[in-house]
Amino acid sequence: MRHQQILDKLAARGLVRAMDEELARWVKHQMLHPGRSRAEIERGVIPRSC
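These numbers come from a predicted model, not from an experiment.

Caption draft 1: Examining the overall build of the chain more closely. If you tally the helices and strands in the chain, you get three helices and zero strands. The order of helices and strands in the chain, counted from the N terminus, is α-α-α. In terms of overall size, the chain is more extended than a compact globule, its C-alpha atoms giving a radius of gyration of 14 Å where 50 residues would be expected to give roughly 10 Å. With respect to the three principal axes, the spread of C-alpha positions in the chain is 40 × 25 × 20 Å. The 50 residues of the chain split such that 10% are buried.

Caption draft 2: Broad picture of the side chain of Gln30. By secondary structure assignment, the location of Gln30 is in helix α2 (residues 13–31). For Gln30, the side chain forms a polar contact with the side chain of Arg36, separated by 3.0 Å.

Caption draft 3: How the structure looks around the environment of Trp26. With respect to the helices, strands and loops of the structure, Trp26 is situated in helix α2. Taking the C-alpha atoms as reference, Trp26 lies 7.0 Å from Val45; in sequence the two are 19 residues apart. Discounting residues that sit within four places of it in the chain, Trp26 has contacts with Gly44 and Val45.

The rules behind these values
- Residues numbered from 1 in each chain as written.
- Predicted model: local features only at pLDDT ≥ 70, side-chain atom pairs only at ≥ 80, totals over all residues.
- Heavy atoms only, no water.
- Helix = DSSP H or I, 4+ residues; strand = E, 2+ residues; numbered from the N terminus.
- Rg over C-alpha atoms; globule rule 2.2 N^0.38 Å.
- Buried < 20%, exposed > 50% of the residue type's maximum accessible area, 1.4 Å probe, protein only.
- Polar contact = N/O pair within 3.5 Å; in protein donor to acceptor, adjacent residues only side chain to side chain.
- Contact = heavy atoms within 4.5 Å.

Here it is, written out as structure tokens:
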């Protein structure tokens, strides 16, 4: 079973889709800054917790 097929079976399908779209927008926003390294982009998307 593929990842999307599993997500489609969840009861809160609309919430999962909204979260997926929001994550895609946030990653795109982080990648728009020129000159940033891959590590900097990763830290911007998934910050380290204290």
